[in-house]
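For reference, the chains in residue letters:
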Amino acid sequence: MHEAALSKTLVDLVQMQEFERNPLILERGEGVWVWDQHGRKIMDSISGVFVVNLGHQNRRVIDAIDDQHGRIAFASPTMSTNERMLELAETIDSLTPPGMTTAKFHSGGSEAIEAAIKAARQYHLQSGSPGKYKVISRYGAYHGATFGALSATGIAMFRTPFEPLAPGFVHVPPPHAPGGIGSLEAMRYTIEAEGPDTIAAVILEPVMNMAGAWEPPLGYLEGVRDLCDQHGIVLIYDEIVTAFGRLGEWFGADHFGVWPDISCVGKGITGGYAPLSAAIMRDHIAESFRGTRESGRMFRHGITYGGNPISCSAALAVIAEISDRSLLDAAKQMGKRLSEGLSMVATGYEFVTGIRATGLLVAVDFDLPAERLGRLGENLRSQAFLSFGPYPSGVMRLAPPLTITPEEVDQLVEMVAAGLRTFVGTSLLESPPPA
Ligand code: PLP
């Protein structure tokens, strides 16, 4: 047991003293289940962090990685490429619309977002619009931890310690913001007020995950697409969470029928078996980086582990597995089963104010004061499943592996139900009704 070493590391985004009192140290995983340091079996109902879309211990992916280790584990990303990366580029091309044929590979989501922002700026610079440099994104969106991606992020908690961030980033409210202040009109107004000739890109998630798994209203993505076309703005989708099956399609763009100019994917592309991400570009952008030696045209950006053969072999196996096992359809069906089950459970609890599902990304809204929300969180956490929230946002998000079975979905619903029952039970004990 290595618990003493907790003081020698920092776990992402948790208060370490509190974490050390009750740490979760995962030792083993299989399918949708993980086991902690006490041997407790817990449902990984957030797929690690929207990553483990095929569940743990997928034999096909492990074998593909083993096989690749026997060939070549690392290939220079600057003076060479590798077979698996080329194969993956072709496979991704077959999943995207015509005219979107180039994938630039990286190792993490933030890196893909950085690359997309840099590609948009460099594209404008060498296409006769050097004045286009601003990036518009939305409040409530998380786009990553590195400086460019963080500058696009619209969540104060992540930004404040590091401000001032990069210049040239403008935020607009998202459509679900109260009072209708985040409409398409707000986007149009902002583009016009900033000056369309200064804007390089708009970046958005098709479904805003961290903000609470919000779908865009009807017509919003079409409207943003039109605005970008009208003003020569590169439309970037952050599909780090939504691509590769989470929404029941290969891409969120398939689900909504509106495609961007650059699509950033990561997380589920390898199901967590190796780090990989990509910025997939339309041809007019990619072509601007190709030219003669004298022209000096190249994308001035590279990442050491980007597209390494091990990660690409994992991604190829993941894509084959999703296809062969019809996991896109499974995600839709299991998402429906989960949200319907949760809706049944929620009946009678007036503090459950909403349930949303797009594919297998499911959110439950709770309307409770902070202290009671914290208590609810503890009660839910004492059940053996992992979730994001409900404390402190008031939204609980669930995103189990696409391989979850109907019986496991029902088990998850029952665990949520048990957590709610305990919460209501203990609340009654704490404040007995007046005599
Ligand atoms: N974009 C979204 C929507 C994310 O959820 C994340 C990570 O959670 C990122 C970008 C950044 O990805 P990474 O943490 O792999 O750098």
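Thresholds, definitions, all that
- Residues numbered from 1 in each chain as written.
- Predicted model: local features only at pLDDT ≥ 70, side-chain atom pairs only at ≥ 80, totals over all residues.
- Heavy atoms only, no water.
- Near = heavy atom within 4 Å.
- Areas by Shrake-Rupley, 256 points an atom, 1.4 Å probe, with all protein chains shown as cover.
- Nonpolar A, V, L, I, M, F, W, Y, C, P; charged D, E, K, R; others polar.
- Pairing = 2+ DSSP bridges.
- Helix = DSSP H or I, 4+ residues; strand = E, 2+ residues; numbered from the N terminus.
- Axes fitted to C-alpha atoms, helices over the stretch in contact; angles between N-to-C directions.
- Buried < 20%, exposed > 50% of the residue type's maximum accessible area, 1.4 Å probe, protein only.
- Lys, Arg positive; Asp, Glu negative; His and termini not counted.
- Salt bridge = Lys/Arg side-chain N within 4 Å of Asp/Glu carboxyl O.
- Polar contact = N/O pair within 3.5 Å; in protein donor to acceptor, adjacent residues only side chain to side chain.
- Contact = heavy atoms within 4.5 Å.
- Disulfide = S-S within 2.5 Å.
- Phe/Tyr/Trp six-rings, centres within 6.5 Å; stacked < 30°, edge-to-face > 60°.
- Lys NZ or Arg CZ within 6 Å of the ring centre and 35° of its normal.
- Parallel < 35°, antiparallel > 145°, perpendicular 65-115°, else oblique.
- Left-handed = near helix turned anticlockwise from the far one by under 90°.

Draft legend 1. Up close: the site of the ligand. Within the structure, the ligand sits among Gly108, Gly109, Ser110, Tyr142, His143, Gly144, Glu205, Asp238, Ile240, Val241 and Lys267. For the ligand, whose unbound accessible area comes to 390 Å², protein coverage reaches 80%. For the shell around the ligand, the class distribution of residues is three nonpolar, five polar and three charged.

Draft legend 2. Spotlight on the sheet that holds strand 2 (residues 33–36). Taken in spatial order, the three strands line up as 1-2-3 in an open sheet, and their pairing is antiparallel. The strands lining the two open edges of the sheet, one partner per strand, are strand 1 (26–30) and strand 3 (41–43). Within the sheet, the average angular offset between the axes of one strand and its neighbour, ignoring direction, is 30°.

Draft legend 3. Here's a closer look at the side chain of Arg397. Mapped onto the elements of the fold, Arg397 is located in strand 13 (residues 395–398). Among buried Asp, Glu, Lys and Arg side chains, Arg397 stands out as unpaired, with Glu205 the closest opposite charge at 7.4 Å. Here the side chain of Arg397 touches Asn209 through a polar contact of 2.9 Å, side chain to side chain. Residue contacts for Arg397: discarding those within four places in its chain leaves Ile46, Phe50, Asn209, Met210, Gly212, Ala213, Val362, Ala363, Ser387 and Phe388.

Draft legend 4. Molecular detail of the state of the cysteines. One pass over the full model with this rule turns up zero disulfides. Just so you know, Cys264 is unpaired, no disulfide at all, and the nearest cysteine sulfur is the one on Cys228, 14 Å from it. Between Cys312, a cysteine without a disulfide, and Cys264, which holds the nearest cysteine sulfur, the sulfur-to-sulfur distance is 16 Å.

Draft legend 5. Up close: unusual backbone geometry. Across the junction of Glu163 and Pro164, the peptide omega takes the value 5°, indicating a cis bond. Residue placement: Pro164 occurs in the loop between helix 7 (156–159) and strand 6 (169–172). Backbone torsion omega between Tyr391 and Pro392 reads 0°, so that peptide bond is classified as cis. Checked against the element boundaries, Pro392 lands in the loop between helix 14 (370–381) and strand 13. Backbone geometry places Ala213, a non-glycine residue, at a positive phi of 60°. Following the sequence through the fold, Ala213 ends up in the loop between strand 7 (199–204) and helix 9 (220–231). Even without being a glycine, Lys267 presents a positive backbone phi close to 30°. Tracing the chain through its elements places Lys267 in the loop between strand 9 (262–265) and strand 10 (277–281). When its relative accessible area of 25% is taken as the criterion, Lys267 is described as partly exposed.

Draft legend 6. Broad picture of the pairing of strand 8 (residues 234–239). Most of strand 8 is tucked away: six of the six residues are buried. Residues Val234, Ile236 and Asp238 line one face of strand 8 and the alternating positions Leu235, Tyr237 and Glu239 line the opposite face, and both faces are buried. Here strand 7 pairs with strand 8 via four bridges, running parallel. Across the sheet, the residue bridging to Val202 is Leu235, located in strand 8. Looking at chain direction, strand 8 and strand 9 are connected through four bridges and run parallel. Following the sheet pairing, Asp238 is matched in strand 9 by Cys264.

Draft legend 7. The sheet that holds strand 8, seen in detail. Taken in spatial order, the seven strands make up an open sheet running 4-10-9-8-7-5-6, and their pairing is mixed. Only two strands of the sheet have a single partner each, and these edge strands are strand 4 (102–106) and strand 6. Averaged over neighbouring strand pairs, the angle between their axes works out to 20° when direction is ignored. Note: strand 5 (residues 134–138) against strand 7, three bridges, orientation parallel. For Lys134, the partnering residue across the bridge sits in strand 7 and is Ile199. Across the sheet, helix 9 is in contact with strand 5, strand 7 and strand 8; its angle to strand 7 comes to roughly 165°.

Draft legend 8. Highlighting the packing of aromatic side chains. Enumeration over the complete set of coordinates arrives at ten aromatic pairs. Relative to Phe423, the ring of Phe351 lies with its centre 5.5 Å away and its plane at 80°, an arrangement referred to as edge-to-face. Taken together, the positions of Phe351 in the loop between helix 13 (327–346) and strand 11 (352–358) and Phe423 in helix 15 (residues 406–430) put the pair 72 residues apart, joining distant regions of the chain. With a relative accessible area of 0%, Phe423 lands in the buried category. Members of the aromatic cluster, joined through ring pairs, are Phe244, Trp250, Phe251 and Trp259. Lying across the ring of Trp35, Arg28 places its NZ or CZ 4.0 Å from the centre. Between Arg356 and the ring centre of Trp214, over which it is positioned, the NZ or CZ distance is 3.7 Å.

Draft legend 9. The environment of Gly302, seen in detail. Structurally, Gly302 can be placed in the loop between helix 11 (283–287) and helix 12 (309–324). With relative accessibility at 57%, the residue Gly302 sits in the exposed group. Between the alpha carbons of Gly302 and Asn379 there is a distance of 46 Å; along the sequence they are 77 residues apart.

Draft legend 10. Main features of the packing of helix 13 against helix 15. Following both chains from N to C, one finds helix 13 and helix 15 inclined at 25°, their axes separated by 9 Å at the closest point. For the element pair helix 13 / helix 15, the angle class is roughly parallel. Crossing handedness for the pair helix 13 and helix 15: right-handed. Counting all contacts with helix 13, which are made through Met334, Arg337, Leu338, Gly341, Leu342 and Val345, the residues of helix 15 involved are Pro406, Val409, Asp410, Leu412, Val413, Val416, Ala417 and Leu420. Partitioning the contact of helix 13 with helix 15 into residue classes produces eleven nonpolar, one polar and two charged.

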